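# Observations on the three-dimensional arrangement
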Amino acid sequence: MLVVAASAYVKGMAQEKTEVRGVVRDAETQQGMAGVTVAASGATVKTDSIGSYRMEVGPNAVLTFSSVGYESVEIPVNSRRVVDVMLQKSTTALDQVVVIGYGTQRKSDLTGSVGSISERTLKERPASSVNEMLAGRISGVQVNVNSGRPGGFTNVRVRGFSSINSSNDPLYVIDGVMTESMGFINPTDIVSIEILKDASSTAIYGARGANGVILITTKRGKSGFSEVNYNVDVSTPTLGPNMPKYLNAREYLQVEDIAYRNIEKYDPVGWADGKYELRNPALNRTDPRLFDSEGNPLYDTDWMDEATQHRISQNHQLGITGGSDSRSYAVSLGYRDDQGLIKTSYMKRYNGRLTFDDQVRDWLKVGGTLTYNYQTENRVDQDYLPIRMIAEGLPFLPVKYPDGSWSANRDYPYAEASLNPIQYLYERKYILNTQTALGNIYSNIRLFEGLEMRTELGTSNITQEINTSVSRGLSIMGEQGSASVNNGRTNFWSLDHYFTYNNSLSDVHSINAMLGMSWQESSAFGINVSVQNFPSDYFGFNNIGAGSNNPIYGSGASRFSFNSYFGRVNYSMFNKYLLTVTGRIDGSSKFGDNYKYAFFPSAALAWRVSDEPFLRQNEVVSNLKLRMSYGVTGNSEIPPYSSLSLLNSGYIAVLGDQRVGGTGIGRLANPDLRWEKTAQSDVGVELGLFNNRIAIEGDLYYRKTTDMLLDAPVPRSSGYATIRRNVGSMENKGIELTVNSRNIENNAFSWKTTFNISMNRNKVLSLATPSDIIGVGGVVFINPTNIIREGAPVGSFYGLIREGIWSEAEREEAAKFASYRNGLPILPGDIKYRDVNGDYAITDADRMIIGNGSPDGWGALVNEFTYRNWGLTVDLQYAYGNDVFELSMGSSEDRVALANSYRTVLNAWTPENQHSIIPELRDTRAGYVINEDTHWLKDGSFVRGRNLALSYTLPSGMTQRWGVNQLRVYASLQNFFLIVSDEVNGDPETVGTGFGAGAFSQGLTYHAYPKPTLYMLGVNVSF
Amino acid sequence: MKFFSSRSTVIAVLTVCCGLSIWGCSGFLKEVDPTNLTKESFFTIPEHAESAIAAVYADTRFIGDYAGSFSANWQLLEALTGTSTTESAENASLNNLYSLVHDGNNRHIVNWWNGLYRVIAQANLVIENVPNISPMDEEQRSKIMGEAYFLRAWAYFYAVRLWGDIPLITKPQNAGSDDFFPQRTSIEEVYALIVNDLVNAESAGLPWMDKSGRVSLAAVKSQLAMVYLTMAGYPLNKGNAYYQLAAEKSGEVITYARANPGILNLFGDYSAFRDPSRKNELEQIFMIQFHGSIVPNMQGLFTRPNFKPVSVTNTGVGTTVPTLDFYNSFADDDLRKKDKTGFFYTSYYTNGSGALFSLGGPYIFKFFNTIANGAPGQTGTGVDDLNIHQIRFAEVLLVFAEATNESTGISDDAYEALTRIRTRAGLTTAARNSFSKETFREAIWKERWHELCYEGITWFDMVRLRKVYNERTDRFDDFVGHVNLSSNQTLKDRHLLLPLPTLEMSDNPNLRPQNPGY
């Protein structure tokens, strides 16, 4: 068809132009369609609110009609004055119009790498957050859902890491407005998501594009067409696959007996001195509440079972869209009540949204959006204690004693003195309330044919309260109850003006140019108070003045601003040779006086090979496009004021038992602080076979980040720890491949398959600091877990190598080691570490890079089947080559009999079982050792059944009798299986509780909120 | 070119101009931090001096800060002595100190380096800027300067004893400072600064004692006496003249105490160490300040037994617990050994206030806060208000006795100083004339080991004397070759100094060489 169009251009050259007009309608609904792109000879216009258009063309021109989600249509004018057209819903992706920065483009005209998800695809996987909907959908985009908490907790990385301790999160742009708070957008309001990956696409967002850009388009009304849509779903969670297994009561007591008996072997002197006599379990199993007279346990509690609930969650979404001749609107209301798998955890969201668009004059269109969200949730996993105690609660304790009081590990002599997990769940609160008001208004002015000016004013106002309280009964250090209130507000506004020019210089050349400027400002203010010692648990955080001890209070304010100028030229010749050039100048307040502004250019070329004569008639290849791009983007996500020298007024001295505020050293100045930059090259190919039944898209990329922003260490003799400066460089290189295939397609039955795979390799090329960087971006557990070293992937896991357990045969060799267990000699049954430097001492010098949390490859395989009105989706996700570093191993396996353990300790080393990797059981006071080592590191490769969805649409003949356009019923089973190495305890896709802030925390396991299997039923009605 | 409407053009131009007007504000990208001061806007009024000296005090608390799980920084100075051991192996850094295999990556060592230089930097800020505040009451200015000089000397005294030659930084730093990447300065020069700072502080008009916990004249003089005593021994070996200086300086404190026994004296018994109401008074000359409702002291957590119910909070990790050998080296009738009376306890009340139970061995009672943990008939509050000990009058007495004995031989006053310590412990002391200079010397050393245990002092005695108390022979071994009974590891030459932190050496290429043996 394009070929026909091209030849028509040639014929149409040098002919008189006349006006053509008409109306574009949806073939299904017969309604006029607004915003349809009508193109001829390189010029384009859009249909107005009722679907009509007019433009001047030659008598032999060919009109191309295109709109998001519809098949494009090309119609020769043939000297007609009126050309009306019906558009069919699209079945191929090629004709889709996709959103790019500051504009839209047909997918076939793209020169860059842009991933796109349509509303229909989004619907297949109902989720409470945008990121969860994205997981596995787009190659090159790694989305990890790291917690089973309602609302989830996700990490998104586009093509690996670009930064050390600046942000690695992508930029989110909602309806053209950059935002920092997409977490609160209502997923049902979204009509499409585009992800800009290569530099040609992202460079238009210059300074903020280095981590990829996620463009979110929300629903708007359509003129002349009204619809009410109501969606409801209910769901309930059960424990997901591969939950860790813990000792039961009988097993625990057995382990404790063995641990006691082995004291004699591991501390013979202490044993002989009688130091452990009181430790004899027989003497301690006397509490009549817990044991019978023989010392047998009365209870056998499964704490995981006790901590979970299976309550019904519900989600209601109501949307109304409509419009008259020139005006349209959309209204939506939503209510979501997610009840978590873990007791007392919930997330509730209330949202309302209004959009309007008005074609005021033929040259002026205005519109806007107003969104309000209120979200309230109890994050039980904000602190590791409740979830950790599920793992470590002693199994022979009841949840409560018959008198109604809570049990606790501390009730049992010599256990680690911790409290009851269920009590934590009920008596600790971490309430996060977030109100988000987002608004934007725009005007679109057509200055003359082909030239438009768009002005967008966007604002967001976010207020967030973090209110916490802990009951008196949960005092560990004598707090007698505590509460805190932490309130913050962030105001953001942006103002963008940009001109768009569309024209064809001739029928051979066409050009589309955009030039704009932007201002943004964000300011924040926060206040926090915490206090301890309350006379009653009644108040919680609602009357913080009732507390009397240890008041801590503070407030803070900050501001940053951007000023930018940007432009883009899309040039195409014969519609086959496409060129895009973009540039953006960004100025940020955050950088040193000498380096506030920076320039970010990019260029891309594409060649639609399938439009060349030699491929035009090819029966196999229906589409072939080659593209390449290069560009530079930046990263400026550092806190404000980083370049200034400041004193810190946060010191607290105690003088005369009074709190005295102090002012002292703060931050070192760096007037040369400048932008972190990422240069990226990309080569891509798009191939359609057999009339696009099979569509393949592949990309190769290389990204190099230079001038990385880092809190670089300085000599501590200065009194300062770090200076924020630009150091070193890092690369990411990778391959992405997506295959879409319509395997079977006939009237009754269709089968479609989508497969994607992404591979990314990261390497630190140089560091301006002389040494490795440790303690940045990961966690400081027993030792820092992550290291940044030249030549290695950024944020690699770091630890000792566990060779095994010293055997009886190695007794003499073991004894040569300086003690690494409480000063007692190393014996057979103790952990054998690799002594890398051969000094017979296990120290930090023996620690090495042992793994990495990033996968070698990841992706998804989605199969969709439809049979008449039935639909079935099987959505699988996978990753391989990612390591999991189980920090919970220290307390759940390497030490025993202080708290409950993994069941694996039943297979610990004994003289009869010398091949075990687990040290011989012994009382911890008789000498044991905990180190981050290779035994804690597991292969975290997995295949997950993410979603199994079945839907049935009632026959329209039947529903229309009831006045219903569509009635769809669906059922969904999410996280329904997991294939993972037996050795992994729990879910491998995880970030330990409390570790979320670290850039390299992915794969660090530490008592995360367990991921549920979710059962969902839903109904969707529209009329 | 056909315009749609002239109005469209007008509106477009207006909108763009409106945008450009923002650009017109040249300050749009300028930043001013509303929450932090700059040096230019600070140090203008006397209150700023008070605020700045408070930051120095705040940073002295690093000694009590965490050094990884189950451990705090102060434990560095105990783990190396061999007088204590641990009931938990969760902290690899602490394990390595106990086993004497620590290296420059050791977390405790790194924390001490960072913590001390931070105190020094804060003090430098005061010393550099407070003289320029005008107008300011001269008496107030002088006292604050005196406190800053003392605290800088206090930090350098620790650092020079731990690492030997160290960077000597006396001015506030910025990234362009000449000594931002300093070399090591000789021990001799570091001590010269310490003495100079303390002499400056001595004439600053500080009160003899200060109940608020600020630096007092008694603290300055006592610290100076200890500095002289250390300079007399290893590694400077300045000998007799410095023993004499130490005797004179500690003598001044003792003379004042004799004249003002209600202000400066020994406590009558050891329970006062555990009483939060008796902080910073009488015997307590200088302490690191804590307060339960502001910043609580965590020392008890690390010294209480590993998860034995001796406290209402029922937490204790037992990472500094006495070795049996050291406990047994106290005489049986020594009150300091008496259960729940002196420095140790071997039994306590369940959850602080319940039934008495045996602990199966000795634990440190010296800083056991009965108000926080509980006592019979009294449920604990869980909140520990105690301070961390730094300088006690008992140590001043022992410094005086030792310095006098070394410089001029045993005297009545020196003998009395020793016997006061022993008498309080319920011990009798051999007659004065039964001591020779040598036996008196060892008697003082031994008393130091026993009286000053677990207060961060013993390690520096080991280094200064190059002698270590052998708990089994009741005599003194040479440092090199002594076996720490806590881990059966032998002290070697290299242990006399700590390794420089590895990261510090790589961040500062001028900081070399590493101390021998590391």
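Quick caveat, the model's predicted, so the values are computed rather than measured.

## Things to note about the confidence of the model for chain B
- Per-residue pLDDT for chain B has a mean of 93; in total, 96% of the residues score no lower than 70.
- Scored by ipTM, the complex comes to 0.93, with pTM at 0.85.

## Thoughts on the pairing of strand E2 (residues 284–288) of chain B
Residues and elements named next belong to chain B.
- The buried count for E2 comes to five of five residues, which makes it a mostly enclosed element.
- Bridge count between E2 and strand E8 (residues 388–392): four bridges; the pairing is antiparallel. Residue pairing across strands places Gln284 opposite Arg392, the latter belonging to E8.

## A closer look at a nonpolar patch on the surface
- On the surface, A:Val569, A:Leu579, A:Val581, A:Leu605, A:Met628, A:Val683, A:Leu700 and A:Ile735 cluster together to form a nonpolar patch covering roughly 650 Å² of accessible area.
- Tracing the backbone through its elements, the reader meets A:Leu579 in strand E27 (residues 577–588).

## Description of the environment of A:Ser729
Residue and element names in this part refer to chain A.
- Along the chain, Ser729 falls in strand E34 (residues 722–745).
- Separated by 265 residues in sequence, Ser729 and Gly994 have C-alpha atoms that sit 29 Å apart.
- The contacts of Ser729, once residues within four sequence positions are left out, are Lys704, Thr705, Thr706, Met708, Val764, Leu765 and Ser766.

## Quick word on the interface of chain A and chain B
- Across the contact, 108 residues belong to chain A and 102 residues belong to chain B.
- Together, the buried faces of chain A and chain B total about 8,700 Å²; carbon and sulfur atoms form 60% of this surface.
- Counting every contact that joins chain A to chain B gives two salt bridges.
- When the shortest N-O distance is used, the salt bridge between B:Glu90 and A:Arg895 registers 2.5 Å.

## What to know about the nonpolar core
- Counting 166 residues, the largest nonpolar core has B:Trp112, B:Phe150, B:Trp154, B:Leu162, B:Trp163, B:Ile194 and B:Phe393 as the members making the most contacts within it.
- A per-element tally of this core places helix H6 (residues 138–163) of chain B first, with 16 residues.
- Mapping this core onto the domain boundaries places at least three of its residues in each of domain 2 (41–206 + 480–518) and domain 3 (290–386) of chain B.
- With 33 residues, the next largest nonpolar core counts A:Ile387, A:Leu394, A:Leu425 and A:Val905 among its residues.

## Brief notes about the pattern of salt bridges
All names here are of chain A.
- Enumeration according to the criterion identifies 99 salt bridges over all chains in this entry.
- In this structure, the salt-bridge partner of Glu637 is Arg208, at a minimum N-O distance of 3.5 Å. One end of the pair, Glu637, is in the loop between strand E29 (621–635) and strand E30 (646–655); the other, Arg208, is in the loop between helix H4 (199–202) and strand E16 (213–218), and 429 residues separate them in sequence.
- A residue is classified by how much of its surface remains accessible, and Glu637, at 30% relative accessible area, is partly exposed.
- Of the charged contacts, one joins Asp830 and Arg821 as a salt bridge, the two residues approaching to 2.9 Å between their closest N and O atoms.
- Residue classification places Arg821 among the buried positions, given a relative accessible area of 1%.
- Bridged by salt links that share partners, the residues Lys107, Arg159, Lys197, Lys625, Arg627, Asp682, Glu686, Glu697, Asp699 and Glu736 form one connected network.

## Comments concerning the UniProt feature "domain: SusD-like N-terminal" (unreviewed entry) in chain B
- The feature "domain: SusD-like N-terminal" (unreviewed entry), as annotated in UniProt, sits at residues 76–229 of chain B in this numbering.
- Along residues 76–229 of chain B, the helical share is 58% and the strand share 1%, with 22 Å between the first and last C-alpha atoms.

## A short note on the UniProt feature "domain: RagB/SusD" (unreviewed entry) in chain B
- Summarizing the sequence annotation, UniProt attributes the feature "domain: RagB/SusD" (unreviewed entry) to residues 344–518 of chain B in the numbering used throughout.
- The span residues 344–518 of chain B carries 35% helix and 21% strand; its end-to-end C-alpha distance comes to 36 Å.

## Here we look at the packing of aromatic side chains
Residue and element names in this part refer to chain B.
- Under the defined criterion, the tally for this structure stands at 69 aromatic pairs over all chains.
- Each ring, one from Phe150 and one from Phe286, has its centre 5.1 Å from the other, and the planes form 75°; the classification is edge-to-face. A residue pair is termed long-range when its members are at least 10 positions apart, and Phe150 in helix H6 and Phe286 in strand E2 qualify at 136 residues.
- Accessibility expressed as a relative area gives 0% for Phe150, which makes it buried.
- An aromatic cluster is present here, built from Phe62, Trp112, Phe150, Trp154, Tyr158, Phe286 and Phe460 joined pairwise through their rings.

## A closer look at empty space enclosed by the protein
Residues and elements named next belong to chain A.
- There is about 560 Å³ of room inside the largest cavity.
- If you trace the largest cavity, you find 33 residues lining it, with Glu132, Gly148, Gln974, Pro1012 and Leu1014 closest to the centre.
- Among the elements of the structure, strand E17 (227–239), strand E18 (313–323), strand E19 (327–339), strand E46 (942–953), strand E47 (966–980) and strand E49 (1012–1022) are those that each provide at least two residues to the lining of the largest cavity.
- With four residues, E17 is the single largest residue contributor to the lining of the largest cavity.
- Per-class residue counts for the lining of the largest cavity are nine nonpolar, 14 polar and 10 charged.

## A closer look at the packing of H6(B) against helix H8 (residues 217–232) of chain B
Residue and element names in this part refer to chain B.
- Relative orientation of the contacting elements H6 and H8 amounts to 25°, with a least axis distance of 11 Å. Overall, the two elements H6 and H8 adopt an arrangement that is roughly parallel. When the axes of H6 and H8 are compared, the crossing they make is left-handed. Contacts between H6 and H8 pair Phe150, Trp154, Phe157 and Arg161 from the former with Ala219, Val220, Gln223, Met226, Val227 and Thr230 from the latter.
- Split into classes, the residues belonging to the contact of H6 with H8 amount to seven nonpolar, two polar and one charged.

## Considerations on the sheet that holds strand E36 (residues 773–774) of chain A
Residues and elements named next belong to chain A.
- An order of E36-E37-E38-E41 is seen for the four strands of this open sheet, with the pairing classed as antiparallel. The open sheet has two edge strands, E36 and strand E41 (848–851), and neither has a second partner.
- In this sheet, E41 lies alongside strand E38 (residues 796–799) in antiparallel orientation, the contact comprising three bridges. Of the residues in E41, the one forming a bridge with Tyr798 is Ile849.

Definitions and cut-offs
- Residues numbered from 1 in each chain as written.
- Chains lettered and ligands numbered in written order.
- Predicted model: local features only at pLDDT ≥ 70, side-chain atom pairs only at ≥ 80, totals over all residues.
- Heavy atoms only, no water.
- pLDDT = per-residue confidence, 0-100.
- Buried < 20%, exposed > 50% of the residue type's maximum accessible area, 1.4 Å probe, protein only.
- Helix = DSSP H or I, 4+ residues; strand = E, 2+ residues; numbered from the N terminus.
- Pairing = 2+ DSSP bridges.
- Patch = residues over 30% accessible without salt bridge, like charges linked within 9 Å, V, L, I, M, F, W, Y side chains within 5 Å.
- Areas by Shrake-Rupley, 256 points an atom, 1.4 Å probe, with all protein chains shown as cover.
- Salt bridge = Lys/Arg side-chain N within 4 Å of Asp/Glu carboxyl O.
- Contact = heavy atoms within 4.5 Å.
- Buried area = accessible area lost by both parts, 1.4 Å probe.
- Core = buried A, V, L, I, M, F, W, Y, C linked by side-chain atoms within 4.5 Å.
- Domains from an automatic or database assignment.
- UniProt positions renumbered as here; feature names shortened; annotations may be inferred.
- Phe/Tyr/Trp six-rings, centres within 6.5 Å; stacked < 30°, edge-to-face > 60°.
- 1 Å grid on protein atoms, 1.4 Å probe; cavity = no way out; pocket = protein on both sides within 12 Å on 5 of 7 lines; lining within 4 Å.
- Points joined across faces, edges and corners; volume = space filled by probe spheres on them.
- Nonpolar A, V, L, I, M, F, W, Y, C, P; charged D, E, K, R; others polar.
- Axes fitted to C-alpha atoms, helices over the stretch in contact; angles between N-to-C directions.
- Parallel < 35°, antiparallel > 145°, perpendicular 65-115°, else oblique.
- Left-handed = near helix turned anticlockwise from the far one by under 90°.

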